Amino acid sequence: MIRRDALLLGLSAAFALSAPAWALDRALTPEEQQLIADIGTHNSAIRTMVGRFLQIDTNGGRQEGTFFLERPDKIAFRYAPPSREEIVSIGRGFYVLNRRDETYYAYPQDSIPLRQFLGDTIDLLNANVVDVTSSDGYISITVIDETVAGTVQVSLIFDTDTKELAQWSLVEPSGAELTFSLYDVEKGQQIPRSFFSIPANYKAREQ
């Protein structure tokens, strides 16, 4: 199972820009604050990214695919065969496309507010951060938020040297866990406009 709902929930929780409803149980050190600020500055400067992802679910199921990101407000996830599904954001809305059936359905824009990581400015210090840990050259920033489906926890893992996102993992309201690892990432690539659009011959369907 692709678990597309989990991906969308995780993006919503991790990157929603809202007043914190949860709080970190300690003060961040000056070094942590500076590193998190530097991570935001570095990633804000990356206007396009392409690469591959590996998704692993609670039961060990694996799915691979490619992703395409362009700031502001555009991202696409294409799952590798035998899957024929693709997730595309256009502005603040998300659409799940089925390339076999040539159909799509939409998630309401206000329920999937992928604003922070896709916006022009990334400011994780003002997200709902509940934990920050560092180990073996990586920093994990855990965000927790309320979504339309319940509370979702997402841990964003960045390389402390490159400041780039290497992985994120999420815990759904049901307790199920999902992990996404990024690799073969290239920055500054030209991405065709069609990658962030819905083909004209695709028909809308109910979720």
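Residues numbered from 1 in each chain as written. Predicted model: local features only at pLDDT ≥ 70, side-chain atom pairs only at ≥ 80, totals over all residues. Heavy atoms only, no water.

A.B. asks: Help me out: how do you make sense of the environment of Ser 135 in this one?
C.D. replies: Tracing the sequence through the fold places Ser 135 in strand β7 (residues 129–135). We classify Ser 135 as partly exposed; its relative accessible area is 46%. The spacing of Ser 135 and Asp 159 is 24 residues in sequence and 9.9 Å in space, taken between C-alpha atoms. Within the structure, Ser 135 has its side chain in polar contact with the side chain of Asp 136 (distance 3.4 Å). (Helix = DSSP H or I, 4+ residues; strand = E, 2+ residues; numbered from the N terminus. Buried < 20%, exposed > 50% of the residue type's maximum accessible area, 1.4 Å probe, protein only. Polar contact = N/O pair within 3.5 Å; in protein donor to acceptor, adjacent residues only side chain to side chain.)

A.B. asks: Which parts of the structure should I look at to understand unusual backbone geometry?
C.D. replies: In this model, Arg 71 is joined to Pro 72 through a cis peptide bond whose omega is -5°. Mapped onto the elements of the fold, Pro 72 is located in the loop between β2 (62–70) and β3 (74–79). With an omega of 15°, the peptide bond between Pro 81 and Pro 82 qualifies as cis. In this fold, Pro 82 is placed in the loop between β3 and β4 (85–90). One non-glycine residue with positive phi stands out, namely Glu 102, at about 55°. When you line up the elements, Glu 102 lands in the loop between β5 (93–98) and β6 (103–107).

A.B. asks: Quick question: what am I supposed to make of the nonpolar core here?
C.D. replies: Where a protein is soluble and globular, its nonpolar side chains tend to be buried together. Leu 124, Ile 139, Phe 158 and Trp 168 are the most contacted members of the largest nonpolar core, which totals 36 residues. The element best represented in this core is strand β9 (residues 150–159), accounting for 4 residues. In this view, Ile 139 contacts Leu 35, Ile 36, Ile 39, Val 132, Thr 133, Ser 134, Leu 156, Ile 157, Phe 158 and Thr 160; residues no more than four positions away in its chain are not counted. One finds Val 88, Leu 97, Phe 195 and Phe 196 within the second-largest nonpolar core, a separate group that totals 11 residues. (Core = buried A, V, L, I, M, F, W, Y, C linked by side-chain atoms within 4.5 Å. Contact = heavy atoms within 4.5 Å.)

A.B. asks: Any chance you could explain helix α2 (residues 30–45) here in plain terms?
C.D. replies: Count 3.6 residues to each turn of an α-helix, and residues three or four apart come out pointing the same way. Taking 1.5 Å of rise per residue, 16 residues should cover 22 Å, and α2 covers 23 Å from first to last C-alpha, within 8% of that figure. Buried within α2 we find Glu 32, Leu 35, Ile 36, Ile 39, Gly 40, Asn 43 and Ser 44. Here the buried residues of α2 occupy an arc of 170° about the axis, which is enough to place them on one side. Looking at α2, the residues exposed on the side facing more than 90 degrees away from the buried face are Pro 30, Glu 31, Thr 41 and Ala 45. (Expected span 1.5 Å × (residues − 1). Arc of directions from axis to C-beta.)

A.B. asks: Would you mind showing me how to read the pattern of salt bridges here?
C.D. replies: Any two side chains of opposite charge can pair, on the condition that their charged atoms come close. Taken as a whole and assessed by the stated rule, the structure comprises 6 salt bridges. When the shortest N-O distance is used, the salt bridge between Asp 120 and Arg 47 registers 2.5 Å. In this pair, Asp 120 sits in the loop between β6 and β7 while Arg 47 sits in the loop between α2 and β1 (48–57), placing the two residues 73 residues apart along the sequence. Taking relative accessible area as the criterion, Asp 120 reaches 46% and is therefore assigned partly exposed. Residue classification places Arg 47 among the partly exposed residues on the basis of a relative accessible area of 34%. As a salt-bridge pair, Arg 100 and Asp 101 come within 3.4 Å of each other at their nearest N and O atoms. On the basis of relative accessible area, Arg 100 is assigned to the exposed category, the value being 61%. According to the relative accessible area criterion, Asp 101 is partly exposed, its value standing at 45%. (Salt bridge = Lys/Arg side-chain N within 4 Å of Asp/Glu carboxyl O.)

A.B. asks: Where do I start with the environment of Gln 153 in this structure?
C.D. replies: Examined against the element boundaries, Gln 153 turns out to sit in strand β9. The spacing of Gln 153 and Gly 175 is 22 residues in sequence and 9.7 Å in space, taken between C-alpha atoms. Residues in contact with Gln 153, not counting those within four places in the same chain, are Thr 142, Val 143, Ile 144, Ser 169, Leu 170 and Val 171.

A.B. asks: Hey, could you run me through the packing of aromatic side chains in this one?
C.D. replies: Centre-to-centre distance and the angle between the planes together describe a pair of aromatic rings. For the structure shown, the criterion picks out 6 aromatic pairs. Taking 5.3 Å as the distance between ring centres and 85° as the angle between the ring planes, the aromatic pair formed by Phe 53 and Tyr 79 counts as edge-to-face. Here Tyr 79 lies in strand β3 and Phe 53 lies in strand β1, a separation of 26 residues in the sequence. Side by side, Phe 53 and Tyr 79 carry an identical accessibility label, which is buried. Both rings, one in Phe 77 and one in Trp 168, keep their centres 6.4 Å apart while their planes meet at 75°; by these two values the pair is edge-to-face. Here the residue Phe 77 occupies a position in strand β3, and Trp 168 occupies one in strand β10 (residues 165–171), the gap between them amounting to 91 residues. For Phe 77, a relative accessible area of 1% translates into the label buried. Residue classification places Trp 168 among the buried residues on the basis of a relative accessible area of 5%. Joined through ring pairs, the aromatic side chains of Phe 53, Phe 77, Tyr 79, Trp 168 and Phe 180 make up one cluster. (Phe/Tyr/Trp six-rings, centres within 6.5 Å; stacked < 30°, edge-to-face > 60°.)

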